[in-house]
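This is what each chain is made of:
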2 protein chains.
Amino acid sequence: MIRRSARRMTRQRKIVLEELRKVTSHPTADQLHQMVRRRLPGINIATVYRNLEILTDEGEVMKLDVAGTQRRFDGNALNHYHIRCSRCGRVDDVHMDVVDSLEEAAAKACAYTVLSHTVEFVGICPGCRDGN
Amino acid sequence: MIRRSARRMTRQRKIVLEELRKVTSHPTADQLHQMVRRRLPGINIATVYRNLEILTDEGEVMKLDVAGTQRRFDGNALNHYHIRCSRCGRVDDVHMDVVDSLEEAAAKACAYTVLSHTVEFVGICPGCRDGN
DNA sequence: TTGCAATTGCGATGCACTTGCAATAAGAAT
DNA sequence: ATTCTTATTGCAAGTGCATCGCAATTGCAA
Ligand SMILES: [Mn+2]
Ligand SMILES: [Mn+2]
Ligand SMILES: [Zn+2]
Ligand SMILES: [Zn+2]
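Given the structure is predicted, the values throughout are model-derived calculations rather than measurements. (Residues numbered from 1 in each chain as written. Chains lettered and ligands numbered in written order. Predicted model: local features only at pLDDT ≥ 70, side-chain atom pairs only at ≥ 80, totals over all residues. Heavy atoms only, no water.)

### Focus: the protein's contact with DNA strand C
Okay, so step 1: Neighbouring DNA strand C are 22 residues, the closest being Arg-8, Thr-47 and Arg-50 of chain A together with Met-9 and Tyr-49 of chain B.
Okay, so step 2: One of the side-chain N or O atoms of Gln-12 of chain A is found 3.0 Å from a sugar or linking oxygen in DNA strand C.
Okay, so step 3: Mapped by element, the contributors of at least two residues to the surface near DNA strand C are helix H1 (11–22) and helix H3 (45–57) of chain A together with helix H3 (45–57) of chain B.
Okay, so step 4: Here the element with the most residues in the surface near DNA strand C is H3 of chain A; it accounts for four residues.
Okay, so step 5: Within the surface near DNA strand C, the residues separate by chemical class into six nonpolar, eight polar and eight charged. (Near = heavy atom within 4 Å. Polar contact = N/O pair within 3.5 Å; in protein donor to acceptor, adjacent residues only side chain to side chain. Helix = DSSP H or I, 4+ residues; strand = E, 2+ residues; numbered from the N terminus. Nonpolar A, V, L, I, M, F, W, Y, C, P; charged D, E, K, R; others polar.)

### Quick look at the packing of aromatic side chains
The geometry of an aromatic ring pair is captured by the separation of the ring centres together with the interplanar angle, meaning the angle of the planes.
Residues and elements named next belong to chain A.
Okay, so step 1: Enumeration according to the criterion identifies two aromatic pairs over all chains in this entry.
Okay, so step 2: Between Tyr-81 and Phe-121 the ring centres are 6.4 Å apart and the planes differ by 65°, which places this aromatic pair in the edge-to-face class. Here Tyr-81 is found in strand E3 (residues 81–85), whereas its partner Phe-121 is found in strand E5 (residues 113–124), with 40 residues between them in sequence.
Okay, so step 3: Tyr-81 sits in the buried class, given a relative accessible area of 0%.
Okay, so step 4: For Phe-121, a relative accessible area of 0% gives the class buried. (Phe/Tyr/Trp six-rings, centres within 6.5 Å; stacked < 30°, edge-to-face > 60°. Buried < 20%, exposed > 50% of the residue type's maximum accessible area, 1.4 Å probe, protein only.)

### Thoughts on the sheet that holds E5 of chain A
Within a sheet, each strand pairs with its neighbour through backbone hydrogen bonds, oriented either parallel or antiparallel.
Okay, so step 1: Sheet architecture is open: six strands sit in the order E4(A)-E3(A)-E5(A)-E5(B)-E3(B)-E4(B), paired in mixed fashion. Where the open sheet ends on each side, the last strands, each with one partner, are strand E4 (91–94) of chain A together with strand E4 (91–94) of chain B. On average, each strand axis in the sheet is tilted by 30° relative to the strand beside it, whichever way the strands run.
Okay, so step 2: In terms of strand pairing, E5 of chain A meets strand E5 (residues 113–124) of chain B through 11 bridges, oriented antiparallel. Within the sheet, the bridge partner assigned to Ser-116 of chain A lies in E5 of chain B and is Val-122 of chain B.
Okay, so step 3: Sheet strands in contact with helix H4 (residues 101–109) of chain A are E3 and E5 of chain A together with E4 and E5 of chain B, and its direction is about 120° off that of E5 of chain A. (Pairing = 2+ DSSP bridges. Axes fitted to C-alpha atoms, helices over the stretch in contact; angles between N-to-C directions. Contact = heavy atoms within 4.5 Å.)

### A few points about the coordination of the zinc ion (ligand 3)
All names here are of chain A.
Okay, so step 1: The protein atoms donating to the zinc ion (ligand 3) are Cys-85 (SG), Cys-88 (SG), Cys-125 (SG) and Cys-128 (SG), with metal-donor distances spanning 2.3 Å.
Okay, so step 2: Coordination at the zinc ion (ligand 3) is tetrahedral: its four donor atoms span angles of 105 to 115° at the metal.
Okay, so step 3: Taken in sequence order, the residues that donate to the zinc ion (ligand 3) follow the motif C-x2-C-x36-C-x2-C. Here Cys-88 is found in the loop between E3 and E4, whereas its partner Cys-128 is found in helix H5 (residues 126–129), with 40 residues between them in sequence. (Donors = N, O, S within 2.8 Å, 3.2 Å for Na, K, Ca; no water. Tetrahedral: all angles 85-135°; square planar, octahedral: opposite > 155°, others 65-115°.)

Now the structure itself:
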């Protein structure tokens, strides 16, 4: 029989998750590494990456592959949409309903079995627009 | 006064564009490099990248930053949606109407000035589904 | 407590893309 | 046609983000 290896809740993994859950800013791995380091000075960036990978496939967090930039991570694993500022690169949540009907429309418009979808808006954040 | 440098239509640029326009497959830069090399054996990958960059900001082609994979290029610069096969990675067009109302909804649901949006579907392509 | 596989820190490596530079060539001016 | 300017090229080296190999450590089940 196939057995998945038993996961351990290490100090590192716990704090990576806690720090990511604390913010709504969709940090990159190295931003998160800085945050975690305040509590765990010796932690290595590779450990942060490895844990984010594991937490992602456990469904605890979400990987965001933002167009043309460094990968970001989201402590909220429920599907929701994002907007990226084209000036400064920050990424924020868009608090609108997910449009599931897009997937039905797509299923009719191509030959694939449709499984999921993501939407990324691009715009100008308030800070950049109002000049700060 | 600011003047943009005059663009030259080099043999390389012309053929990169022609080869990209020939296909509907959204090739990566090195796939396109292989294609172009059949007509221009000496062309370097850096030249392909540079020309794709230039053609993109001239609006002739489109860069696709597909979630978690190598960048792909699209000879059709008009906004349309894509679907990626989670098994084999191929990317195809989804021939459905672009839902502009998403941007209005997003504008109400966040503080950004919304400029554009992209949708990426994920699914299983016919080839992978039907086992080839 | 003990045993042992999962996990870590660290350095090395990989990969996709970008850049510096001298040589080349597009295309406007003559 | 020829000359001239400078955008563009090929090549090699460089960047940056992410991943990997490995010996040492550690969670945790027995
Ligand atoms: Mn989010
Ligand atoms: Mn397309
Ligand atoms: Zn901004
Ligand atoms: Zn497939």
